[in-house]
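Descriptive structure summary
Here is what each chain is made of, one letter per residue.
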Amino acid sequence: MGTRKKVHAFVRVKPTDDFAHEMIRYGDDKRSIDIHLKKDIRRGVVNNQQIDWSFKLDGVLHDASQDLVYETVAKDVVSQALNGYNGTIMCYGQTGAGKTYTMMGATENYKHRGILPRALQQVFRMIEERPTHAITVRVSYLEIYNESLFDLLSTLPYVGPSVTPMTIVENPQGVFIKGLSVHLTSQEEDAFSLLFEGETNRIIASHTMNKNSSRSHCIFTIYLEAHSRTLSEEKYITSKINLVDLAGSERLGKSGSEGRVLKEATYINKSLSFLEQAIIALGDQKRDHIPFRQCKLTHALKDSLGGNCNMVLVTNIYGEAAQLEETLSSLRFASRMKLVTTEPAINEKYDAERMVKNLEKELALLKQELAIHDSLTNRTFVTYEAMDEIQIAEINSQVRRYLEGTLDEIDIINLRQIKEVFNQFRVVLSQQEQEVESTLRRKYTLIDRNDFAAISAVQKAGLVDVDGHLVGEPEGQNFGLGVAPFSTKPGKKAKSKKIFKEPLRPDTPPSKPVAFEEFKNERGSEINRIFKENKSILNERRIRASETTQRINAIKREIDVTKEALDFQKSLREKQGEYENKGLMIIDEEEFLLILKLKDLKKQYRSEYQDLRDLRAEIQYCQHLVDQCRHRLLMEFDIWYNESFVIPEDMQMALKPGGSIRPGMVPVNRIVSLGEDDQDKFSQLQQRVLPEGPDSISFYNAKVKTEQKHNYLKTMMGLQQAHRK
């Protein structure tokens, strides 16, 4: 286990021209902040009003640049994450105090980027510096709005909206959000694209305190997994970094919230109040119960608040006298957070595949040592390798002769041979059972008493009475029951008819469902065929998984029955008195056979369970292929439909046969104006900014691509609305 450590709490003061110097003072060590209030003379002569407060923190950031804030607050947390330690960085404070600027920064300017984009950049820089490890990066973006969970990356075309609402789930490994999409990213630019995609989906509103106030709590999580490139190393580490941007606490009178914004503010203040209650409970060593489940925010952050991670709080405050009351409240929260302790520990796991390979090497060495030992004790005739088909056939022959009485005993060589002897006993027994059943089927018509349909059919045929007893059977004849399908009747051959539909192009655009069926039979026929094949394979794997599950359940029931019988035999032996010979417990043959049967059943159970795990992995992969095909089919249909029916009338002449433009040559987003100068703006931006910040190319690339994508989507939506009118 890791050592316990306090949560680090920092204060960042928003720059202002109206700073209250006489009321707010900083300590020389830049770790303390003192608040002084003037006494309210309206309270009279006897006035016990508190006018002085002092707060001791880990740092006070006043007029600090974004670079200094990141170096002070987040750099160590991110660097330790690649060593296997979870980390959480949380921004808290009053509405408009600069939380989102501290966490996200100004995305238009690379120099003013916040903690989150800098953390992504640091992660990929550190990965480049560790060539000895293969490190994978995944990200997710969660929003908590009005006590509901939303996936900010669900707008990506390959994700789509979830049918079931997201829920917070706890298991022995921790807390996770069921239904939240997690995205693999191998490049810095891809990670920035996901970040900007989520930012465009956040919910904001305007009021007197802030024109773009965040109306929700957002948690951006970076998941890391590092495997050593040395194959002999079985351990690997996992970690995650939670970057939390809380919605601002606010007084409704100051913010002037009304209507929907008022409802949002109520939910925000309620969740922040529950967060403060959880922090107070965590800081009290005598408290056993921590109220994490009071709201979605504290429940989702259960692992971070006093859990297994390095945690840092950045409290954003105003430096103005008018906001001093809210500033005191925020500083009290920061001081309470410093009382909370966490227990960071490295998250280590074992790679099963590498463990198997290392065990195989060790097994080979042990076999060599055993061979040397056997040669020294004149046991060179003993082998420890798996038996081949000739040896198994010889043992089968010995078992049959032993059962027939032509062989008095079977010579025992080693443990592997003993196991194979018992296995061949089971094979012979199974073959005999099949021979008996085959003989009965040749002579009698066998009907399952639980198959009521079959019993009804043979009753109508006059073969059995109402009690299910056989009525009569002509000598030397057998009855065959069944109904032949109409297509197999003699004298008739099935005729296959193919219907070809000529493509229709009506003057008025067809409805999308009708057009989709036409598209699947024409332009999208190939991808539709692949989609159906993948879906067929997926259904077949699901059926096999269901059958395997039924077999596993049956084996489990048989294991339980065998255990009960074995327990009964043991208790019977204990009552009758146990017998030992040379220190070894002597058991009867029935108990010995039960032990072997139980061992064999467990082996079958493990084998079937492994098959089920493999099938589940195949099902997951097939489902991914089906989803990809479905997305591609829908995407190509949208392109085809837009080119065929949505293009404005003044462009239709150019797209007709003989025209200068063919459908598909020019995308709809170029026929409809999307602001073609975006690329020119980006080129100018590169020429101006990149010489000053060479590392900013991924940041600006992702920003421009995200803006172009959302401009395109807005234009398409406007086009569809105009088309409906």
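From a predicted model like this one, the values you see are computed outputs, not experimental measurements.

1. Re the overall build of the protein
Helix and strand content of the protein: 20 helices and 21 strands. Counting only residues that meet the buried cut, the protein has 38% of its 725 residues in that class. Pairs at least 24 residues apart make up 71% of the contacts formed inside the protein by residues separated by at least 6 positions. For the protein, the exposed surface amounts to about 44800 Å²; the carbon and sulfur share of it is 53%.

2. Re the UniProt feature "coiled-coil region" (unreviewed entry) in the protein
As recorded in UniProt, the feature "coiled-coil region" (unreviewed entry) lies at residues 349-376. As annotated, residues 349-376 has a helix share of 89% and a strand share of 7%, and its two end C-alpha atoms lie 42 Å apart.

3. Brief notes about the UniProt feature "binding site: ATP" (unreviewed entry) in the protein
Per the UniProt record, "binding site: ATP" (unreviewed entry) is found at Gly93, Gln94, Thr95, Gly96, Ala97, Gly98, Lys99 and Thr100. Counting through the fold element by element, Ala97 comes out in the loop between strand S7 (87-93) and helix H3 (99-103). When its relative accessible area of 3% is taken as the criterion, Ala97 is described as buried. In this structure, Ala97 is in contact with Lys14, Asn316, Ile317 and Tyr318, ignoring residues within four places of it in sequence. Once residues within four sequence positions are removed from consideration, Lys99 is found in contact with Cys91, Tyr92, Gly93, Gln94, Asp245, Leu246, Ala247, Gly248 and Asn316.

4. Examining empty space enclosed by the protein
Applying the stated rule across the entire model yields three cavities of 30 Å³ or more. Size it by volume and the largest cavity reaches roughly 60 Å³. Ile144, Tyr145, Asn146, Glu147, Arg215, Ser216, His217, Tyr267, Ile268 and Ser271 are the residues that line the largest cavity. Residue assignment for the lining of the largest cavity shows that the elements contributing at least two residues are strand S8 (133-145) and helix H7 (259-283). It is H7 that contributes the most residues to the lining of the largest cavity, three residues altogether.

5. Overview of unusual backbone geometry
Its identity as a non-glycine residue notwithstanding, Asp63 has a phi of 55 degrees, on the positive side. With respect to the secondary-structure elements, Asp63 resides in the loop between strand S6 (59-62) and helix H1 (66-73). Although it is not a glycine, Glu147 adopts a positive phi angle of roughly 65 degrees. Relative to the assigned elements, Glu147 resides in the loop between S8 and strand S9 (148-151).

6. Quick word on the packing of aromatic side chains
All told, the structure shown has 17 aromatic pairs when counted by the stated rule. Their ring planes at 40 degrees and their centres at 5.4 Å tell us that Phe519 and Trp640 sit as a pair that is tilted. Highlighted residues: Phe519 in helix H14 (residues 512-521) and Trp640 in helix H16 (residues 589-646), separated in sequence by 121 residues. Trp640 carries the same exposure label as Phe519, and that label is buried. One aromatic cluster is present, built from ring pairs that chain together Phe516, Phe519, Phe637, Trp640 and Tyr641. In this arrangement the basic side chain of Arg113 is found over the ring face of Tyr110, its NZ or CZ atom lying 3.9 Å from the centre. One Lys or Arg, Lys703, reaches over the ring of Phe196 and ends 5.3 Å from the middle of that ring.

7. Considerations on the nonpolar core
Counting residues in each nonpolar core, the largest one holds 54 residues, and the members touching the most others are Ile33, Ile35, Met90, Leu275, Leu305 and Met337. It is H7 that contributes the most residues to this core, seven residues altogether. With residues up to four places along the chain from it excluded, the contact list for Ile35 reads Met23, Ile24, Ile51, Asp52, Trp53, Phe55, Leu324, Leu328 and Leu331.

8. Side note on the sheet that holds strand S5 (residues 52-56)
Two modes of strand pairing occur in sheets, parallel and antiparallel, and in both the strands are linked by backbone hydrogen bonds. Here three strands make up an open sheet; going across it, the order is S3-S4-S5 and the pairing antiparallel. Each of the sheet's edge strands pairs with one partner strand only, and the pair in question is strand S3 (24-26) and S5. Adjacent strand axes in the sheet meet at a mean angle of 20 degrees when their direction is disregarded. As defined by bridge partners, strand S4 (residues 32-36) adjoins S5 across five bridges and the pair is classed as antiparallel. Residue Ser32 lies in a different strand from S5, and its bridge partner there is Lys56. Sheet strands in contact with helix H9 (residues 324-337) are S3, S4 and S5, and its direction is about 40 degrees off that of S5.

9. Details of the pattern of salt bridges
Across all of its chains, the model carries 24 salt bridges by this definition. A salt bridge links Glu558 to Lys597, with the shortest nitrogen-to-oxygen separation between them at 3.7 Å. Linking Glu558 in helix H15 (residues 525-576) with Lys597 in helix H16, this pair joins segments that are 39 residues apart in sequence. By relative accessible area, Glu558 is classed as partly exposed at 35%.

10. Some words on the pairing of strand S16 (residues 235-245)
Burial analysis of S16 places nine of its 11 residues in the buried class, which makes it a mostly covered element. Of the strand pairs in this sheet, strand S15 (residues 217-228) and S16 are connected by 10 bridges, and their pairing is antiparallel. Bridge pairing in S16 places Tyr223 opposite Lys240.

11. Some words on the packing of helix H4 (residues 115-128) against helix H5 (residues 188-200)
In contact at an axis separation of 10 Å, H4 and H5 are set at 160 degrees when each is read in the N-to-C sense. Regarding the angle of H4 to H5, the classification is roughly antiparallel. For the pair H4 and H5, the sense of crossing is right-handed. Mapping the contact onto sequence places Leu116, Pro117, Leu120, Gln121, Phe124 and Arg125 in H4 and Glu188, Ala191, Phe192 and Leu195 in H5. When the residues that make up the contact of H4 with H5 are grouped by side-chain class, the tally is seven nonpolar, one polar and two charged.

12. With respect to the packing of H1 against H4
Two elements in contact, H1 and H4, have axes whose closest approach is 10 Å; the angle formed by their N-to-C orientations is 65 degrees. In terms of crossing hand, the pair formed by H1 and H4 is right-handed. The segment H1 lies against H4, with Gln66, Asp67, Val69, Tyr70 and Val73 engaging Ile115, Arg118, Ala119 and Gln122. Residue classes in the contact of H1 with H4 are distributed as five nonpolar, two polar and two charged.

13. Some points on the side chain of Thr238
Mapped onto the elements of the fold, Thr238 is located in strand S16. In this structure Thr238 comes out as buried when scored by relative accessible area, which is 15%. Once residues lying within four places of it in the same chain are set aside, the contact partners of Thr238 are Gly84, Asn86, Leu224, Glu225, Asn347 and Lys349.

14. Here we look at the environment of Gly524
Note on placement: Gly524 falls in the loop between H14 and H15. Sequence separation between Gly524 and Trp640 is 116 residues, and the spatial gap between their C-alpha atoms is 9.3 Å. Sequence-distant contacts of Gly524, defined by excluding residues within four places in its chain, comprise Phe519 and Leu633.

15. Thoughts on the side chain of Asp151
Within the secondary structure, Asp151 is located in strand S9. Classification of Asp151 by relative accessible area gives buried; the value is 12%. Separated by 3.0 Å, the side chain of Asp151 and the backbone nitrogen of Leu153 make a polar contact. Ignoring any residue separated from it by four or fewer positions in sequence, one finds Asp151 in contact with Tyr141, Met166, Gly179, Leu180 and Ser181.

Calculation notes
Residues numbered from 1 in each chain as written. Predicted model: local features only at pLDDT ≥ 70, side-chain atom pairs only at ≥ 80, totals over all residues. Heavy atoms only, no water. Helix = DSSP H or I, 4+ residues; strand = E, 2+ residues; numbered from the N terminus. Buried < 20%, exposed > 50% of the residue type's maximum accessible area, 1.4 Å probe, protein only. Contact = heavy atoms within 4.5 Å. Areas by Shrake-Rupley, 256 points an atom, 1.4 Å probe, with all protein chains shown as cover. UniProt positions renumbered as here; feature names shortened; annotations may be inferred. 1 Å grid on protein atoms, 1.4 Å probe; cavity = no way out; pocket = protein on both sides within 12 Å on 5 of 7 lines; lining within 4 Å. Points joined across faces, edges and corners; volume = space filled by probe spheres on them. Phe/Tyr/Trp six-rings, centres within 6.5 Å; stacked < 30°, edge-to-face > 60°. Lys NZ or Arg CZ within 6 Å of the ring centre and 35° of its normal. Core = buried A, V, L, I, M, F, W, Y, C linked by side-chain atoms within 4.5 Å. Pairing = 2+ DSSP bridges. Axes fitted to C-alpha atoms, helices over the stretch in contact; angles between N-to-C directions. Salt bridge = Lys/Arg side-chain N within 4 Å of Asp/Glu carboxyl O. Parallel < 35°, antiparallel > 145°, perpendicular 65-115°, else oblique. Left-handed = near helix turned anticlockwise from the far one by under 90°. Nonpolar A, V, L, I, M, F, W, Y, C, P; charged D, E, K, R; others polar. Polar contact = N/O pair within 3.5 Å; in protein donor to acceptor, adjacent residues only side chain to side chain.

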